Amino acid sequence: MTEPARKADELALALDPDPDLGFEAEAEAEADTDSAIAIAVVGMSGRFPGAPDLHTYWANLRDGVCSLTDFTEAELLADGADPEEPRRPEYVPAKGYLAGADRFDADLFGFNRTEAAALDPQHRLLLETAWAALEDAGQDPLAVTARTGVYVGGSPTEHMLAAQTDRALAASLGAMQVRILTDREFLAPWISYRLGLEGPSLTVQSACSTSLTAVHLAAQALLLGECDTALAGGVSVDTVRRQGYVHHAGGIFSPDGRCRPFDERAGGTVPGSGVGVVVLRRLSDALADGDPVRAVLRGSALTNDGATKVGFTAPGVEQQTAAIVEAWSAAGLAPSAAQYVETHGTATELGDRIELAAATAAFTTGGAPDTPIGIGSVKSNIGHLDAAAGVASFIKAVLMLEHATLAPTVNLTTPHPELALDATPFRVVDRTAPWPRPAEGPRRAGVSSLGIGGTNVHVVLEQAPDRPAPTAPRAPRPAATEILPLSARTEEALTTLAARLATALRAPDAPSLTDTAHTLRTARTPLDVRAYVLAAHPEQAADRLTALAEGRPADNREEDPEADGLRELRELRELGELWLKGGSVPWPEPAPGARRVSLPTYPFEPRSFGALTLPRPGMTARTDTPEDTGPAAAARNDLTRAVSALLAEALGLDDKTPPAPETTYFSAGGDSLTAVHLVGRLRDDFGIDVPITLFLEELTLRELAARIVESKEAEEAERAAGAEDSLDALLAEFEAE
């Protein structure tokens, strides 16, 4: 017996509350799903490279899509790269790029333009993802009645570093406000505040294992009764720019922009950006309340390597093994009960080898599995998402359990010979395959996440239990008419929502009309722009929703309704009209057995608020204006026109009708908040830093634009001369991470 295996057996014995029983006997003593100690995953939302939503994420995983992006030199230069950098032989122009990371539906969350521009992109994305996850869980995001905790974490960002070292921004907004809007320690409190959630609110940080640590802490809080619902997850957007990385021999980053876990060509990982949030409840509560249970979290554990490793950043075998064994012990199961393990899988030589050794020791504790356990790593698809890596893996495992399908690890040709996979209980899943239900028990998977510094997390997931049959029959007549209310902040969002719902109701696995109506009436925030449809079956509802989406009136009349249904239809139309007027609607009681189900979530209407960027050493701050290719006068005119357009946009002026020559900033509707917004936009969009006092002078808009342009050269010279050593040190540390 190897030393790790021996220690794993000793640990299992120490953890076993009754050594005479052992794991298998304990498992038999447990019900298949012990709702008293199990946690239900009732909602999920996420955005990952190549996937703006979880539907696309699953399609990419199932189809074995590598969503890593290779940037062209033109793209890198357009996003502010040093012209010499992409030409360096060690520079790799690739990343798990998250499109639209600078966009945000600020109005929905009550942020004005100034606040939204200063708010870190990670905060923006996490707010929208938390909203969508609650809707997916069948909860109104602004009216969650259960005591709800928030456990999330994030990565360091270029925006945060630039904001917190920008004296002009601190002078404009105040240093404390800048910190509140940009520091990652406020990720959880902003969600709690904007959504009115009054449970524990913790920002979690454990490096690469942050978001799975957040899931573990949220599950523990639920079991301890500290909250009744919990949001858990993480976000990582180091920069919104297209940006590659520098490969160092022996470092953690891949030399060719591809991540190949377990492969003989494995050379390291690839950085990526993404965000994911899951909604957790005690399984007993979720079943009692008819929540849409997507999977069950049976157990989890958290350890740290301490000093049992060769260096601070190196992984260790012993405590990785301990985390796995403890998690399965908490679930009352032997590790060999797993059919699949989603590994950390960074494709680094040391990391994969140690992780596989630890997993081998853990998953042979109490006996080797009867059949090889599948393993994989989502980093091959999307890269290493740092603080969001764990939740990306967690969501992947839940989706595989839901679809009873094993998704492949991509970029795999030949297993690495030094890993000696044949001597382990594992096989790498390298192609899409059905995941049959075991002869005994449900499908089960483990998920591991490992953080630099030694924080190891492992969770045990299980497929959702079969829903019990309703205790009472559903509506007495199959064609009972239902009312489906819709609302949004704008007409455009409403039509988008109608179209998505129509698509969902036409899908082969469409929810029942009864469940759809119940969810829309109880699990959506009532907003100002409203519509409704009446329908007796899903096809009719889909047709009428499509009419709404196409701008045609939804025909809510019934042709030749049964006589005993006339009163019901009249009452439903009255409720619909009350809904349109914005009143509080006394919706009818749901049909017996109606449940909340997963439906398309709110179609956010984000617009770009940009992101603050750091100046490169020896360079001025990034600008978004094209390089000067003509005479200086032509360049100056172009910049003047661009600045004038920005002023007009901020002031809400008609771009087709120029303001009168005598129009001043204040006569055009400008105020101090708009001035703060413009200061930030001028810096972000043009690299121009102007004092806010400039907007307090009695200048016409034309004079104001001219003064801004005149300050450009002086501002650039000041920035170049005034760069501080502390900023250079922060930039060096940021790039090193």
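From a predicted model like this one, the values you see are computed outputs, not experimental measurements.

## Observations regarding the overall build of the chain
- Helix and strand content of the chain: 24 helices and 21 strands.
- Residue burial in the chain is summarised as follows: out of 737 residues, 56% are buried.
- A separation threshold of at least 6 residues defines the contact pool for the chain, and within that pool the share at least 24 residues apart is 79%.
- With an accessible surface of roughly 30700 Å², the chain has 53% of that area assigned to carbon and sulfur atoms.

## Some remarks on the confidence of the model for the chain
- Per-residue confidence for the chain gives a mean pLDDT of 86, with 86% of residues at or over 70.
- Across residues 470–478, where pLDDT falls below 50, the model places 17 contacts with residues more than four positions away in sequence or in other chains.

## Thoughts on the environment of G374
- Of note, G374 is situated in strand 13 (residues 373–376).
- Taking C-alpha positions, G374 is 6.2 Å from V341, a pair spaced 33 residues apart along the chain.

## Some thoughts on the pattern of salt bridges
- The full count for this structure, using the stated rule, is 36 salt bridges.
- Linking R489 and D107 is a salt bridge whose minimum nitrogen-to-oxygen distance equals 3.5 Å. Here the residue R489 occupies a position in the loop between strand 19 (482–488) and helix 17 (491–506), and D107 occupies one in the loop between strand 5 (103–104) and helix 5 (113–118), the gap between them amounting to 382 residues.
- R489 sits in the partly exposed class, given a relative accessible area of 27%.

## Digging into the sheet that holds strand 15 (residues 426–428)
- The strand order across the open sheet formed by eleven strands is 7-6-8-10-1-11-18-17-12-13-15, and the pairing between neighbours is mixed. Each end of this open sheet is capped by a strand with a single partner; those strands are strand 7 (201–203) and strand 15. Recorded for the sheet is a direction-independent mean angle of 25° between the axes of neighbouring strands.
- Across eight bridges, the pairing between strand 8 (residues 229–236) and strand 10 (residues 274–282) is antiparallel. Looking across to strand 10, one finds that G234 is bridged to G276.
- Each of strand 11 (295–304), strand 17 (444–450) and strand 18 (455–463) is contacted by helix 13 (residues 317–330), which is oriented at about 145° to strand 11, the strand it contacts most.

## Concerning helix 22 (residues 672–686)
- In this model, helix 22 (15 residues) spans 21 Å end to end at C-alpha, consistent with the 21 Å of a helix rising 1.5 Å per residue.
- Here helix 22 lies mainly inside the structure; 13 of its 15 residues are buried.
- The positive-phi residue at the C-terminal boundary of helix 22 is G687, with phi of around 70°.

## Overview of the side chain of T182
- Here T182 lies in helix 9 (residues 175–182).
- The buried category is assigned to T182, whose relative accessible area is 2%.
- A polar contact of 3.2 Å, which involves the side chain of T182, links it to the side chain of Q164.
- Look past the residues within four positions of T182 in its chain and what remains in contact with it is A118, D120, H123, H159, M160, A163 and Q164.

## Focus: the packing of helix 13 against helix 14 (residues 349–363)
- Here helix 13 crosses helix 14 at 40°, and the two axes come no closer than 8 Å. With respect to helix 14, the element helix 13 is oriented oblique. For the pair helix 13 and helix 14, the crossing hand works out as right-handed. Across from V317, Q320, T321, I324, V325 and W328 in helix 13, the residues of helix 14 making contact are I354, E355, A357, A358, A359, A361, A362 and F363.
- Per-class residue counts for the contact of helix 13 with helix 14 are eleven nonpolar, two polar and one charged.

Reading guide: rules and limits
- Residues numbered from 1 in each chain as written.
- Predicted model: local features only at pLDDT ≥ 70, side-chain atom pairs only at ≥ 80, totals over all residues.
- Heavy atoms only, no water.
- Helix = DSSP H or I, 4+ residues; strand = E, 2+ residues; numbered from the N terminus.
- Buried < 20%, exposed > 50% of the residue type's maximum accessible area, 1.4 Å probe, protein only.
- Contact = heavy atoms within 4.5 Å.
- Areas by Shrake-Rupley, 256 points an atom, 1.4 Å probe, with all protein chains shown as cover.
- pLDDT = per-residue confidence, 0-100.
- Salt bridge = Lys/Arg side-chain N within 4 Å of Asp/Glu carboxyl O.
- Pairing = 2+ DSSP bridges.
- Axes fitted to C-alpha atoms, helices over the stretch in contact; angles between N-to-C directions.
- Expected span 1.5 Å × (residues − 1).
- Polar contact = N/O pair within 3.5 Å; in protein donor to acceptor, adjacent residues only side chain to side chain.
- Parallel < 35°, antiparallel > 145°, perpendicular 65-115°, else oblique.
- Left-handed = near helix turned anticlockwise from the far one by under 90°.
- Nonpolar A, V, L, I, M, F, W, Y, C, P; charged D, E, K, R; others polar.

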